[in-house]
Every structure is written in C-alpha cells, then in structure tokens.
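As a plain string of letters, each chain reads:
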Amino acid sequence: MLIAALVIGGMATLFGALLGYASVHYKVEGDPITDKIDQILPQTQCGQCGYPGCRPYAEAISNEGAAINLCPPGGETVMVSLADLLDREPVALEQEERPPSLALIDEKTCIGCTLCIQACPVDAILGAAKLMHTVIATECTGCELCLAPCPVDCITMEPIPTDITDWSWPDPDMFKVAA
Amino acid sequence: MTLTNFKFHGGIHPKQLKDLSRDRAIESISWRDEDEIVITLSQGIGSLNHPILSIGDSVQAKQRISECYGEISVPVHSPCDGTITAIEERPATHPSGLQAVAIVIKPDADSSKIDINKANDLVNHKIDVSKLSELLSSLTAEEIISKIRIGGVIGLGGAGFPTCAKLHGGIKTNIETLIINGMECEPRITCDDRLMRERAIEIIAGVEILDHLLHPNSIKIGVEDNKPEAILALEIATTSSTSSIEIITTPTLYPSGGERQLIQLLTGKEVPSGTLPSAIGVVCQNVATVAALYHALLERPLTHRVVTVTGDGVESAGNYSVPIGIPIDSLLTQCGVVDSVRITVGGPMMGFELHNSRSPITKTVNCLIVEKNSSLPSAPERYNCIRCASCSDACPAKLMPQQLYWAAQSRDFEQTEKLNLFDCIECGCCDFVCPSKIPLVSYYRYAKGVIRGAKQEQNRADEARVRHEFHDARITREKAEKAEKLAKKRAALKAKKESNKSTDKPNDADKKGAAIRAAIKRAEAKKKAAAANS
Amino acid sequence: MIKTTADSTTAREMLKVIAALIPGYIALSLIFGPGALIHAAIMIPVAMLAEATIIWMRSRSAVPAIKDLSAPLTALLLAAALPPLLPWWMAIVGILFAIIIAKQLYGGLGQNPFNPAMVGYVILLVSFPLEMTSWLTPAGAIVGGDTIGFIQSAEIIFGTIENPSITIDGVTGATPLDAMKTALYQGLTISEGIKEISNGVLAGSGWEIINLTFLIGGIYLIASRTISWHIPVSMLVALLIISALFNTVDPDRYSTPLYHLLSGGTMLGAFFIATDPVTASTTPRGRIWFGACIGILIYTIRSWGGYPDAVAFSVLLLNMFTPLIDHFTQPKIYGERDNG
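Rules of the game
Residues numbered from 1 in each chain as written. Chains lettered and ligands numbered in written order. Predicted model: local features only at pLDDT ≥ 70, side-chain atom pairs only at ≥ 80, totals over all residues. Heavy atoms only, no water. Contact = heavy atoms within 4.5 Å. Buried area = accessible area lost by both parts, 1.4 Å probe. Salt bridge = Lys/Arg side-chain N within 4 Å of Asp/Glu carboxyl O. Polar contact = N/O pair within 3.5 Å; in protein donor to acceptor, adjacent residues only side chain to side chain. Core = buried A, V, L, I, M, F, W, Y, C linked by side-chain atoms within 4.5 Å. Buried < 20%, exposed > 50% of the residue type's maximum accessible area, 1.4 Å probe, protein only. Helix = DSSP H or I, 4+ residues; strand = E, 2+ residues; numbered from the N terminus. Domains from an automatic or database assignment. Expected span 1.5 Å × (residues − 1). Axes fitted to C-alpha atoms, helices over the stretch in contact; angles between N-to-C directions. Parallel < 35°, antiparallel > 145°, perpendicular 65-115°, else oblique. Nonpolar A, V, L, I, M, F, W, Y, C, P; charged D, E, K, R; others polar. 1 Å grid on protein atoms, 1.4 Å probe; cavity = no way out; pocket = protein on both sides within 12 Å on 5 of 7 lines; lining within 4 Å. Points joined across faces, edges and corners; volume = space filled by probe spheres on them. Lys, Arg positive; Asp, Glu negative; His and termini not counted. Pairing = 2+ DSSP bridges.

## Details of the interface of chain A and chain B
1) Next: In this complex, chain A contributes 31 residues to the contact, which on the side of chain B involves 29 residues.
2) Next: Summed over both sides, the interface between chain A and chain B buries roughly 2600 Å², with carbon and sulfur atoms accounting for 51% of that surface.
3) Next: The largest per-residue losses of area from chain A upon contact with chain B belong to Asp123(A), Ile164(A) and Trp169(A), which jointly make up 24% of the total buried on that side.
4) Next: There are four salt bridges connecting chain A and chain B.
5) Next: Where Asp123(A) meets Arg474(B), a salt bridge forms, and the shortest distance between an N and an O atom there is 2.8 Å.
6) Next: Linking chain A with chain B are twelve residue pairs in polar contact (both at pLDDT 80 or more).

Shown next as structure tokens:
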C-alpha cells in the first residue's frame, strides 16, 4: 500500500517537474496563433469586422474567441481557412461577399482636402493639401474607408474587371460523375 | 542520320491523322480586300506591348508597331501596307474567349497581291553563305540577340517564349548541346514537316547563327521517324553547312517534342525541376523559330508563319503561309470551310476550342483543326477513378496523375503542390489512357490557377500589411515629433519669460536708441573726414 | 473540350478480367461440378440489382454505373472462392455484403478501401465456418472418378431435397490445406500428410489444376497489360522464398514451395484478388511491397495461424496499409532534385 502510494506520488512529481521545465524552457515568445490568423486575413484594414484593422481582429479571434465569419473581403475562403486552422466549425458569412473593387477619385470634383489621405490605412492615396489626390491602384485594398470622410463625395468603388491575364481554367467538377 | 539511344518515361501512340496535309506543299494565303488585320498586343509569353502609332497613321509592311520593355518582351510588326483604324479590345485567340487589346490595320487595296508575290520570292530565296558569315562576324553577341528581339521572334512551336531571353540565358553559361526541335509529335500538325522539307536551308542558316552565338559542343536536330522526307532534306542541307550538325531520328511517340522530353531523348539528361535547360548547358529551339531568327537577322521581322489547316470540315486541307493578324474566319473561308464545324487551335492533345472565329492568327498558332460537328464522337461517359495507374505509366514527367486527381478533386491544393503539380506539362497523356475517361488535365489546370491566384492574393496581402504597419508607425512618429516640437516651444517660451524677469537687461527700445545714436556718430565722423579731405 | 482518347474503357478492362477467369471456371466445374457456375448465375444478377438499387437511392443515374461491369466481376471472383455446395442464401448474403457494405457504402466504384469480394468471403467464413470449409473431393474428368452432377449440385445448393441421396456430409471434406493442417496437428510429417490428401500428388491434384488454370488466366492479364506484373510476381516470389526457407530448415513441419504456390486460393489471389486496382497500392515500388507482404502473410497465417487458407485475410490486412505504402513509395519525378 505504502509502496504503491510512493510510486504514484513519485511519478506524479517527476511528470510535474518535467512539465514545469518544458513550460519554461520551451516557452514561445509572441503569439504564434495570432500571427497565423493574421497571415490568413486579407490585410484590407477596412474595419468591416468591427475591429480597427486585421491585426486587432486576429488578436480578438485568438484571445477572445471572436467569430471567424466577420471578414467580407476575405470571403468564404478566409473563413474556411480559419475554421481549418482553429479546428472550429465553418459558419456562414455575416455580410455579403462583394466583388473586389478599387477606389476611384473623380479628379474634377476633388478639392484637395487630404481627409481621404488621412483615412487610408495603407497610404494608397497620393496627394497633398490643395493639390490633386489620386488612388494608387496597385496598393488599394478596397477597404472603402476613404469614402465616408470625403466632403464632396467624389470617391467611388469600381469593380476590378477580369482581364485575359487574370483568367484561369474553370472548375471541372461542374460535370456530373456516374457513381 | 543517327538513331537515339535514350528514352523518356511513358508516352502514348495516338492516331497520327497527318495524311490530310503532310503531302501538301506550303502555299501562301493572304488577306481579302474586305479583311482587317488584327495584331493582338501580347502574343506569347512576355511583358505587355504598347502601341507606338496612333489611329489614322499609315504603316508599311514589316514596320514595327509596338514597343516593349524588359528582357522577356518582344515587339509586333505589321504584315501589310495600310492604315491603323483602331486600337481597341478584340476577340483574342485564347481558350478563355475573352478580349484583348489589339492594333487593327486596314490593308491598302491590292496589297494582298504584293504580299503573295513577296512570299513566293521567299520560297526561292537563296542563302549567300559568305554574306551571312560576314554579317555575323561584324556583330557582337548582344547585337545579334537584339536584332532577333526587334525582329519579333518568339518560340513558334507553341509556347511563345521570347527567343532573345532564351538566348540571353544561353550566352551567359557554357552551352554543351544545341537542340533543334523538328519532332512535331502532336497528331494532325504538319507545318514543321513541310518547313523542313521545303526550307531546310533557312533552318540550317538559323542553326549556323545559333552556333556562332552559343558555341555549343554539339548540335543535334531531333526528328521523329514518321518524317523520312524531312530527314533527307535536312541531311542534304547540312552537307553544305559550316557547322557540324547531327540529325537524330527518334521513334514516333507523343510527347517526344516536349522540350524536357526531347532533351532526355537526345542527351539522356533530365532538366532539374524548376530550372531552365540552360542550367544543364542545353538550349532548345523549334525549327520554325530558327528559320524566323535567320530572317530577323536579315532585317525581315516575323510577320508571317506557316499554319496547318486540316480536318474534314475544310475542302482544301494543307499548310499555309499566312500573315500574323489575319482573322481565322478569313483563312478558313479561303480554305473552303463548311457550315457547322468545331475549330481547334493547336493539336488534338494540347489545343483549345475556338469559339469566336473572328479572332486572328497569332505567332503561336501552328494548326487549325476544323471538324464537322456531325462527325464528332459524342462525349464519353465518365466513371470513377479505379486507381489503375495507367496514367502514371503514361506520364512523361513521371508524376502520379491519379494522386494529383484525388487531391485536386478534394480541393487539397497544398497536397497537389507537394505532388509536384507544377512539373506537369499538360500534355494530355493521362487523359488519353484513362479508362474511366476522367478529364485529368482540366483538374490540374484548375488547381494551378487556384494556387497561382492564391499566391497573388497572398503577395498583395503581405504588401498591404507592410504598408499598413508603416502607416501606423508614421502616424505614431508624427505624433511624437509634434509633441516634441510643442514641448520644445513651450520650454523655450518658458525659458524666455524666466530670463526676462530675472535681469535688467536693456529692452528693445533702449537698444534701438543706442543703435541710432551710434549711427549718428558714424555719420558725423564721416562728414568730418570728408570736410578735412576737401 | 478536346477529347482524344484511347479505346480502353473501364468496362473493357473488366471484361478482360472476366475472360481471364474462364479457364479457372472450367477447371472448377470439371473437378468440383457445376457448383461455382450455379453460384455465379445467381450472384451476378443479385449483385447488379443491389448496386443499381443503392445508386438509385443515392440519387444518381443507375444505368451508366452498372455498365462498368465491376459488380458482375466481384460476383464472379467471390463465386470462384466459395465452396461448390454452399447453400444459395449464404452466397446471396456474401455478395450483398460485398456490394452494399464493402463497396457502395464507401461511395461506390473507386472509393472502397477493402476488396469487396474478400470482405464478402470473410463475412461468410466467420459466420458459417462449417459450410464454408466443406469442400468436395476433387474428382471428374481430369482427376478421375465421378463428380457430382448438375442436378445434384443444384438440389444441394437450393436445399430442395427432403432426403438427399447424397448429403453434404457424405461427399464433402476438407480442402487439402485444411487436411494438411489437421495432419500436422496429429503429429504426421508433411510427406505422410500428403498421402492422406486425396490423390496426393503435389497439393491435392484437383487443386493444382485449378491453380494452374488461374495462372494461365493471370499470364493473359499481364500480357494484355490489364494488370501490371508487380503484385502477382512479388506475391508469388515472396511466398516461394519464405516457404523454401522454412521447408529447407524443417521439411517435416513445413510444406514445399510448390505446394504453397499451387494450393488453395494462391493463384486466384495473386492475379485476380490482390491486383484489384481500387484497393491495391498504385506506385510501382509500392506494389512490390504490397504483393510481397501479402505473400509473407499468407505463409504466416497458413503455417501458424488458425485458418487453413489465408489469401482473403492477407489481402484485407494489406488493403489497410495501401495509403501508407503509397505515401512512402512516391516515384522520383522527371528532373527531381535531391535538395528539392
């Protein structure tokens, strides 16, 4: 009886010590899960998820268990990737998935107020006070944060047209299989 | 003529179906009076071209009409005298059926006759060997490649890779073997066969240019054994050549003409995955490309090419030398096309179906298969994959098509990459042998598209993240700088107030008064001095 | 879409396998009477009906699925493995299990991990051990003696006779493998055991002939490129080597290689069962491992296991390992780099 108690107690102490050592020695700095989530998010920085940017949303998902279906620009692909990564059930998206678009400034109407420049989270608008503003198309993420601040409402979202260079072969599983 | 000792893995023997066109000599077909010439700005692989002329400008035959930048780029030329009527989106000769920007030229009246005469002259063209070697010795390697680039020469075997870029890669390393691809392994296509039979001397002249440029240790022209006349013609042409060229015959097997398979077939070496053949000292060029680069060196840019037109849907099947930019429906009407046909651009294994016959002939179109819809077999019934592995037995790249299929089908694209999806050359051998009639290549093309798209998205997202982080850092820095400035100003103001209170320093008014008094003194002194002197 | 294809179709491949079974079936009928044929005659329609029904229940079109001939082939393979006088309803149970549970429930053709015919066989063997091990004495034209006739076979199979003139117990007995095992337990040596087996030439002469006819069918399959040589050759060579090894060391306790190669279901298993493409390994090297392990396992179970014949169990056990084998035997691709 005593022997048994000693043996079990000894094993428990041993494993406890091993675990304690491992938790100190192998401690991972930073938050790898948050980084992985951030990698998946599309970096539009639009705030449609309710968080001020993609990194805060990533932190919310990993630390507060925020829902994974709040990202419209990422769409279903991102939601499924997050479900895969976090071993959660895929959930239908809250908002409708919109086609990728770019912001377009109507140069005739622009008054050079720089409010949109300050609003853009990736500095994709070129311009200065009282000078013409224009969107750098290759850097625009389509987050739509510049639309609201503009006092003359001169910014519109244009869907990106499919070019022959973007085209790729379609999904062959549109064909039925026998059995 | 020698036989090859090497083999590659797999391959298939589809029905050749070359009899309709293999004995038809190359004929010229030109535009009709009512036709437009439509030159798509991007032909083959390479960076986009920009037009250098405007609507309304007149052009001459062989005039360059675009500019392009970067090593992997090649301009386009007009095949005719005429006027530019439009620069706009037109149907492209592309499996998507989408449109692409093209320069549209209305040829001058009666210019087609001139075109045909010039083409006929070309047939009787004689090579002046001494002139060629004189020309070559007067130019540097860079100049030769530049002429080839400006001449608009790209790979005419189907891929359309800019020849200048390939040669640039070639002169940077030590090239052991120059391989000339005369295999034409796909069924139906006979244009290279006829080119070798009728214009062998141009091909050999081009080979000599490449010999001069790359100094390879050996030159091998590979030809399948179903082209005995072409082999003979090449042998006759090589006897009078200054270069030492070997003609190597290989058994007819598809896809022997694939670049990597051909290299293995003629040298026994495999090109390492993810690298170019120049990495193992090999440069490979199609026979038509080689003839074209010869002409380019003599200031005759690529404006025409030979296209095989075949199938039971045309009355006159054959091999036609046509201008780049001629609408396909014009060409087919002149060949006597019947109603209700299916048009395939390219060969039956790697070609695609053309939905809009107004799209033009581009530099990479080597064949048009025109079949009556009534004679087409019905689509075969598709069954489940039974994992019989006939596909991996046939694959020339030694991949496992059935595992790629299972992964692609279940959308496990990471797994397809691990299974070397991007080493697939999309030759169609697996499709051909599959007893369950599964369209395997469609899955691989789809998977490649998804993976490429995802990588592009990832790159954009990474860039956006970097810009966003910089944006945040910039805002923080600006705030900090402003705060610092403000703090400094406050401190300075405070310091001034302190200093004003503590000592009785003369105030500004006193200072001013002292300055005025000093100025008056100086003026009086000056007056005195002036009065003393006079 | 461009579609230039070869003439081979799934149905044609299945037909070639069915054709290759014919010599074996002829031998079975000549030696054991028409039992196998009767079984096949009832199992083929039942198989096709079962498959069509399940596919219809899965809301897919049943007729194209039936046309691939995989259900009749499964029925023929199972019928060749069953004892000739097995009651008809047991044969039906076997084939229904094979088609419905082992194949359609996993998703149909190409989706099943286990060989359906062998699953059916094993279910029957485990559930009805007496009837499944009651074979006839080999007789007939080749071997000598009278075989059981068609009417008598049918009567026994369908259980229609009240007082059968020939009862199952009267004519049936153990297979040579079974008899050999019993003999060994009784302490006899191999050579003494051989004498106990009817007409003991090598392996019970009827069985030798049956295995040889299946071998002929198998060679045809390899020559016509319906199957690749890897699995049958590796299985037979492995079985040969291991049996030769043990036979040399202790010939009194372990049978000769030829005995193992020509007895029981060896040849049927090597060329028709283990080569089922859906459940076997697909890489060339993997196939060699697959076949060799089956061969070794057959020998192991025969020599030291509880069952006299082991083809079915060995194949099913190796079916489990197929994905693992495939994973570790990926062939080198064109231009594969070592640091890739």
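## Notes on the nonpolar core
1) Next: Grouped together as the largest cluster of nonpolar side chains are 79 residues, with contacts concentrated most on Leu21(C), Leu82(C), Tyr121(C), Phe214(C), Leu268(C) and Phe272(C).
2) Next: If one sorts the elements of this core by residue count, helix 1 (residues 10-32) of chain C sits on top with ten residues.
3) Next: Residues from two domains meet in this core; each of domain 1 (1-173) and domain 2 (176-328) of chain C gives at least three.
4) Next: Not counting residues up to four positions away in its chain, the partners in contact with Leu82(C) are Met43(C), Ala91(C), Tyr121(C), Leu124(C), Met132(C) and Trp135(C).
5) Next: Ile26(B), Ile175(B), Ile209(B) and Ala288(B) belong to the second largest nonpolar core, which has 53 residues in total.

## Observations regarding the pattern of salt bridges
1) Next: With the rule as written, the count across this model stands at 35 salt bridges over all chains.
2) Next: One salt bridge in this structure joins Arg55(A) and Asp35(A), with 2.7 Å as the shortest N-O distance. Pair noted here: Arg55(A) is in helix 3 (residues 54-64) and Asp35(A) is in helix 2 (residues 32-40), with a separation of 20 residues, a long-range link.
3) Next: Of the residues examined, Arg55(A) reaches a relative accessible area of 32% and is grouped as partly exposed.
4) Next: Judged by its relative accessible area of 39%, Asp35(A) is partly exposed.
5) Next: Close ionic contact of Arg474(B) with Glu478(B) constitutes a salt bridge, the shortest N to O distance being 3.2 Å. Placement of the pair is Arg474(B) and Glu478(B) together in helix 15 (residues 440-502), with a separation of four residues, close to one helical turn.

## With respect to helix 17 (residues 284-304) of chain C
1) Next: The terminal C-alpha atoms of helix 17 of chain C, which comprises 21 residues, lie 30 Å apart, in line with the 30 Å expected from a rise of 1.5 Å per residue.
2) Next: When helix 17 of chain C is considered as a whole, its buried residues turn out to be Gly286(C), Arg287(C), Phe290(C), Gly291(C), Ala292(C), Ile294(C), Gly295(C), Ile298(C), Tyr299(C), Ile301(C) and Arg302(C).

## Describing the packing of helix 5 (residues 191-198) of chain B against helix 9 (residues 287-297) of chain B
Residues and elements named next belong to chain B.
1) Next: Between helix 5 and helix 9, the shortest axis-to-axis distance is 9 Å and the interhelical angle comes to 50°. Looking at the two axes, helix 5 sits oblique to helix 9. Only Val287, Ala288 and Ala291 of helix 9 make contact with helix 5, whose side of the interface consists of Asp192, Leu195 and Met196.
2) Next: Partitioning the contact of helix 5 with helix 9 into residue classes produces five nonpolar, no polar and one charged.

## Notes on empty space enclosed by the protein
Residue and element names in this part refer to chain C.
1) Next: Under the definition given, this model contains twelve cavities of 30 Å³ or more.
2) Next: What the largest cavity holds in volume is close to 410 Å³.
3) Next: Going through the elements one at a time, helix 4 (70-81), helix 6 (116-127), helix 11 (176-185), helix 13 (205-223), helix 16 (266-273) and helix 18 (311-328) are the ones with two or more residues in the lining of the largest cavity.
4) Next: The biggest single contributor to the lining of the largest cavity is helix 13, with four residues.
5) Next: Across the lining of the largest cavity, the residue classes tally to 20 nonpolar, six polar and two charged.
6) Next: Counting contributing residues per domain, the lining of the largest cavity is built from domain 1 (1-173) and domain 2 (176-328), each supplying no fewer than three.

## Comments concerning the side chain of Glu202(B)
All names here are of chain B.
1) Next: Mapped onto the fold, Glu202 is located in helix 6 (residues 200-214).
2) Next: For the buried Glu202, no salt bridge exists, and the shortest N-O distance to an oppositely charged side chain is 4.5 Å, to Arg199.
3) Next: In terms of polar contacts, Glu202 uses its side chain to reach the side chain of His295, at 2.7 Å.

## Points about the interface of chain C and chain B
1) Next: Listed as interface residues are 36 residues of chain C and, on the opposing side, 46 residues of chain B.
2) Next: Summing both sides of the interface, chain C and chain B together bury roughly 3300 Å²; the carbon and sulfur share of this comes to 53%.
3) Next: Our enumeration of links across chain C and chain B arrives at two salt bridges.
4) Next: A salt bridge links Asp326(C) to Arg387(B), with the shortest nitrogen-to-oxygen separation between them at 3.1 Å.
5) Next: For the pair chain C and chain B, the number of links is 14 residue pairs in polar contact (both at pLDDT 80 or more).
6) Next: Looking at the side of chain C that touches chain B, the elements with two or more residues in it are helix 1, helix 3 (62-66) and helix 18 of chain C.
7) Next: Its residues assigned to classes, the side of chain C that touches chain B comprises twelve nonpolar, 15 polar and nine charged.

## Looking at the sheet that holds strand 2 (residues 27-28) of chain B
All names here are of chain B.
1) Next: Strand order in the open sheet formed by six strands is 2-14-13-17-15-16, with mixed pairing between adjacent strands. Single-partner strands in this sheet number two, and they are strand 2 and strand 16 (352-354).
2) Next: Across five bridges, the pairing between strand 15 (residues 341-345) and strand 17 (residues 367-372) is antiparallel. Paired with Arg342 across the two strands is Glu371, which belongs to strand 17.
3) Next: Each of strand 13 (304-310) and strand 14 (318-323) touches helix 5; the most contacted strand, strand 13, lies at about 125° to it.

By themselves, these figures tell us nothing about what the structure is for.
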